[in-house]
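Read off the chains here:
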Amino acid sequence: MAAGADAHTAKPDISVIHAENPVIDTKLDKGFSIILADADDDTIGAPGERRQPGRPRTFPQHSEQNNPGAIEAPPPEAFPADQIPVPDRWRLAQTLDVKTNWWDPYNQNVLKGDEPVFGTQDLFLSLTGILDSVVEPRSFPVPVGVQTTQRPGSLDVFGEPTSLFLSETAIVGASLFKGSTAFKPPDFEARIALALNYNFTTAPERLILNIRPTAGLTRSDGFPGVQEAFVEFHLRDLSDRYDFDAIRIGVQPFSTDFRGFLFQDNQLGVRLFGDRDDNRYQYNLAAFARLEKDTNSGLNDITRLRRDYIFTANFYAQDFPVVGFTSQGTVTYNMNREDGKIHFDDNGFPVRPALIGDDRPREYDVVYLGYNGDGHFGRINLTASAYGALGEDRNNVFTDMPAQIRAFFFAAEPSYDFDWLRVRLSTLYASGDGNPYDNTEHGFDAIFENPQFAGSDTSYFIRQAIPFVGGGRAVSLTGRNGELIDLRSSKDEGQSNFSNPGTILLGLGADADVTPEIRLTGNINHIWFDRMAVVEALRQQAPISSDFGMDYSLALIWRPNMNQNLVFRTSFAILDPGAGFSELFSTSTRDKLFYSGLVNAILTF
């Protein structure tokens, strides 16, 4: 080391050993040496030394092993490149000694399709049990009966607005399916779901719950319904990634779009469906003959079949037009042939035809052309639907003449996520009929909607049916669990009506996942009539404002086990009537708010 050099910066000593045709190898230490070995030496070096890259080492000579009776190793082609198959998943669980209990839906259970049944290798049984409890206090404009009233001393068109609805529904379902269904569709499935409902209702006036004035102010009713009963056959696989074609026959669930705007129901039908290109594209071809509904429970009555038929075809394209967004095109044809018979509901009220306008039976043909999208554009989530309705109504309720149907519908709900908070904007437009006496009906109406939109059934406007007092008998401005002002007698048993005022909705909402178990949802919606001509003609009252009112709702969802097996939901909504609503229901209480409460518990096995 040079004199005066700092010990911390001094360079280590380096010694160099020269060799002919050198190859560099190093050994580092405080001081280190560079060993220059002969380039022709390809032997394994001493520990810590490195050989020349690309030069082979000298290995021991190959030796033969003599092991009589040993099983030869399988050739390399016997092993898959990316996976090693196992016989099935349930025997792995048995090998690991996984404990099972028939009453435990969270772990391996033969009753939930986790293991084969009946001593088979690929036949599974899945049982489902649901208990759905509803407590619903509410208020809405209630007409005083024509023949009688509960308060004879009062002289008014409207009675007290409050009522109470209680409902208990038990659903038992069983699905028997065949096949290895972890990565492919089942080869065969048979499913049935039976429902039993009991409901109890109170009303402040007579002739609200039953056509008979002597029926009183309460009503209790029960009904068993068949909500699913179908068989499904796997027709063929089209690729090694299980693109397939299948057919389903019987009472089955179906929705024409992502949010249930046009038709979402469990109905009797035949459906051909499948996918292509690794499930990137899906299609449905379906035909349904509608079953009659029980009036008070809304369940299917398989003993009665309507002359109302639905034919639909749709096509889904994932990642179109951008990755993360799914587009769907649909064509739906509704052929109604119910002009030959008058139908009364189970409470005695006429529902077909609706007692509005000329009160005559009617039939119609209407084709819905639609586009629906669901997904996200970057950070912005979006659900959108657009429908055009084209067809002919054989009997316009105002002119008693055939009329062309030309109506339009649009709804969109963009949203944005801020960590645990989602903020939503809801917009909806359903065209209204501006001239009820011409030969064209411009009011949009759905077949059987069940909208998951703008607060869904926590919203007063969507949840409650508001009677159209003074404009029709047993006719409502809005239907229960519907988003349209369509003047129908009943969404369940009535017919579509294209002579209606139309609907405009603009709303703001938010979903807050406060904890993994608790979600808080709030919505503020402003609703308008689109056109007032139909309402003014039926009420013989003009002008009427198009302002329907403001709808405020707040809902709390609690999932104590962080799954869908136990869900408690409670909500409260208020309708603050607008000028148009108050002019239609002008009573001494017209400045009061109308409310809708909901307590719902769902237990699922």
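Not measured: the values here are computed from a predicted model.

1. Structural notes on the overall build of the protein
Here is step 1 of the chain: Secondary structure assignment for the protein yields four helices and 27 strands.
Here is step 2 of the chain: Counting every position in the protein, which comprises 605 residues, the buried fraction comes to 44%.
Here is step 3 of the chain: Long-range contacts, defined here as pairs at least 24 residues apart, represent 61% of the contacts in the protein between residues at least 6 apart.
Here is step 4 of the chain: Of the accessible surface of the protein, which amounts to about 30700 Å², a share of 59% is contributed by carbon and sulfur atoms.

2. Points about the environment of Leu 164
Here is step 1 of the chain: Here Leu 164 lies in strand β5 (residues 162–178).
Here is step 2 of the chain: Assessed through its relative accessible area of 28%, Leu 164 is described here as partly exposed.
Here is step 3 of the chain: For the pair Leu 164 and Thr 218, spaced 54 residues apart in sequence, the C-alpha to C-alpha distance is 9.4 Å.
Here is step 4 of the chain: Beyond its immediate stretch of four places on either side in the chain, Leu 164 contacts Glu 136, Pro 137, Phe 200, Thr 201 and Thr 202.

3. Details of the side chain of Asn 336
Here is step 1 of the chain: Secondary-structure assignment places Asn 336 in strand β12 (residues 325–336).
Here is step 2 of the chain: A distance of 2.8 Å separates polar atoms of two side chains, one belonging to Asn 336 and the other to Glu 338.
Here is step 3 of the chain: Within the structure, the side chain of Asn 336 is placed 2.8 Å from the side chain of Gln 495, a separation counted as a polar contact.
Here is step 4 of the chain: For Asn 336, the residues in contact, after removing those within four places along its chain, are Arg 306, Arg 307, Asp 308, Arg 362, Glu 363, Tyr 364 and Gln 495.

4. Structural notes on the packing of aromatic side chains
Here is step 1 of the chain: Across all of its chains, the model carries 24 aromatic pairs by this definition.
Here is step 2 of the chain: Ring plane angle 25 degrees and centroid distance 5.2 Å describe the contact between Phe 409 and Phe 444, whose orientation is recorded as stacked. In this pair, Phe 409 sits in strand β17 (residues 403–418) while Phe 444 sits in the loop between β19 (440–441) and α2 (460–463), placing the two residues 35 residues apart along the sequence. Here the two residues Phe 409 and Phe 444 agree in accessibility, since each one is buried.
Here is step 3 of the chain: An angle of 75 degrees between the planes, with centres 5.3 Å apart, marks the rings of Phe 548 and Phe 581 as edge-to-face. Residue Phe 548 is found in strand β25 (residues 547–558), and its partner Phe 581 is found in helix α4 (residues 579–584); the two are separated by 33 residues along the sequence.
Here is step 4 of the chain: Here a set of aromatic residues connected by ring pairs shows up, and it is made of Phe 261, Tyr 368, Tyr 387, Phe 409, Phe 444 and Phe 453.
Here is step 5 of the chain: A cation over a ring is seen here: Arg 480 above Phe 165, with NZ or CZ 5.3 Å from the ring centre.

5. As for unusual backbone geometry
Here is step 1 of the chain: Here the amide bond leading from Phe 320 into Pro 321 is cis, since omega sits at 5 degrees, within 30 degrees of zero.
Here is step 2 of the chain: Tracing the backbone through its elements, the reader meets Pro 321 in the loop between β11 (300–317) and β12.
Here is step 3 of the chain: Arg 352 connects to Pro 353 through a cis peptide bond whose omega is 0 degrees.
Here is step 4 of the chain: Positive phi outside glycine occurs at Asp 278, with the angle close to 55 degrees.
Here is step 5 of the chain: For Asp 278, the location among the structural elements is in the loop between β9 (264–276) and β10 (281–293).
Here is step 6 of the chain: Residues other than glycine seldom take positive phi values, yet Ser 456 does so here, at roughly 50 degrees.

6. Topic: the pattern of salt bridges
Here is step 1 of the chain: Within this structure, the stated rule accounts for 32 salt bridges.
Here is step 2 of the chain: A salt bridge links Asp 245 to Arg 236, with the nearest nitrogen and oxygen atoms 2.7 Å apart.
Here is step 3 of the chain: Judged by its relative accessible area of 5%, Asp 245 falls in the buried class.
Here is step 4 of the chain: Across the pair Arg 352 and Glu 292 runs a salt bridge, and its minimum N-O distance is 3.0 Å. Note that Arg 352 is positioned in strand β14 (residues 350–352) and Glu 292 in strand β10, a separation of 60 residues in sequence.
Here is step 5 of the chain: Put simply, Glu 136, Arg 138, Asp 457, Arg 463, Arg 480 and Arg 569 are held in one network by salt bridges that share partners.

7. Comments concerning the sheet that holds strand β21 (residues 476–478)
To summarise the sheet geometry, strands pair through backbone hydrogen bonds and adopt either a parallel or an antiparallel arrangement.
Here is step 1 of the chain: Taking strand neighbours across the sheet as the criterion, the three strands line up as β20-β21-β22 in an open arrangement whose pairing is antiparallel. At either margin of the open sheet sits one strand with a lone partner, and together these are β20 (466–467) and β22 (485–488).
Here is step 2 of the chain: The sheet contact formed by β20 and β21 spans two bridges and is antiparallel. Residue pairing in the sheet places Ile 466 in a bridge with Thr 478 of β21.

8. Some points on the pairing of strand β15 (residues 364–377)
Here is step 1 of the chain: Note: β12 against β15, twelve bridges, orientation antiparallel. Bridging across to β15, Asn 336 finds its partner in Tyr 364.
Here is step 2 of the chain: Hairpin connection, β15 to strand β16 (residues 380–393): the antiparallel pair is bridged by two residues, and Gly 378 has positive phi, about 65 degrees.

9. A word on a nonpolar patch on the surface
Here is step 1 of the chain: A grouping of Phe 418, Val 423, Leu 425, Leu 506 and Leu 508 is seen on the molecular surface, where their side chains present a nonpolar patch of about 430 Å² in accessible area.
Here is step 2 of the chain: Those elements giving two or more residues to the nonpolar patch turn out to be β18 (421–430) and β23 (503–513).
Here is step 3 of the chain: Tracing the sequence through the fold places Val 423 in strand β18.

10. A few points about the pairing of β12
Here is step 1 of the chain: By the bridge criterion, ten bridges tie β11 to β12 in an arrangement that is antiparallel. Residue Tyr 316 lies in a different strand from β12, and its bridge partner there is Gln 328.

11. Re the environment of Gly 129
Here is step 1 of the chain: By secondary structure assignment, the location of Gly 129 is in strand β4 (residues 123–139).
Here is step 2 of the chain: Expressed as a C-alpha distance, the spacing of Gly 129 and Ala 174, which sit 45 residues apart in the sequence, is 8.9 Å.
Here is step 3 of the chain: Look past the residues within four positions of Gly 129 in its chain and what remains in contact with it is Ile 171, Leu 603, Thr 604 and Phe 605.

12. Here we look at the confidence of the model for the protein
Here is step 1 of the chain: For the protein, per-residue confidence averages 86 on the pLDDT scale, and 83% of positions sit at 70 or higher.
Here is step 2 of the chain: Per-residue pLDDT stays below 50 along residues 1–45; that stretch engages in 57 contacts with residues further than four places along the chain or on separate chains.

13. Notes on the environment of Val 514
Here is step 1 of the chain: Here Val 514 lies in the loop between β23 and β24 (518–529).
Here is step 2 of the chain: Sequence separation between Val 514 and Trp 420 is 94 residues; the distance between their C-alpha atoms is 7.2 Å.

So, how was this worked out
- Residues numbered from 1 in each chain as written.
- Predicted model: local features only at pLDDT ≥ 70, side-chain atom pairs only at ≥ 80, totals over all residues.
- Heavy atoms only, no water.
- Helix = DSSP H or I, 4+ residues; strand = E, 2+ residues; numbered from the N terminus.
- Buried < 20%, exposed > 50% of the residue type's maximum accessible area, 1.4 Å probe, protein only.
- Contact = heavy atoms within 4.5 Å.
- Areas by Shrake-Rupley, 256 points an atom, 1.4 Å probe, with all protein chains shown as cover.
- Polar contact = N/O pair within 3.5 Å; in protein donor to acceptor, adjacent residues only side chain to side chain.
- Phe/Tyr/Trp six-rings, centres within 6.5 Å; stacked < 30°, edge-to-face > 60°.
- Lys NZ or Arg CZ within 6 Å of the ring centre and 35° of its normal.
- Salt bridge = Lys/Arg side-chain N within 4 Å of Asp/Glu carboxyl O.
- Pairing = 2+ DSSP bridges.
- Patch = residues over 30% accessible without salt bridge, like charges linked within 9 Å, V, L, I, M, F, W, Y side chains within 5 Å.
- pLDDT = per-residue confidence, 0-100.

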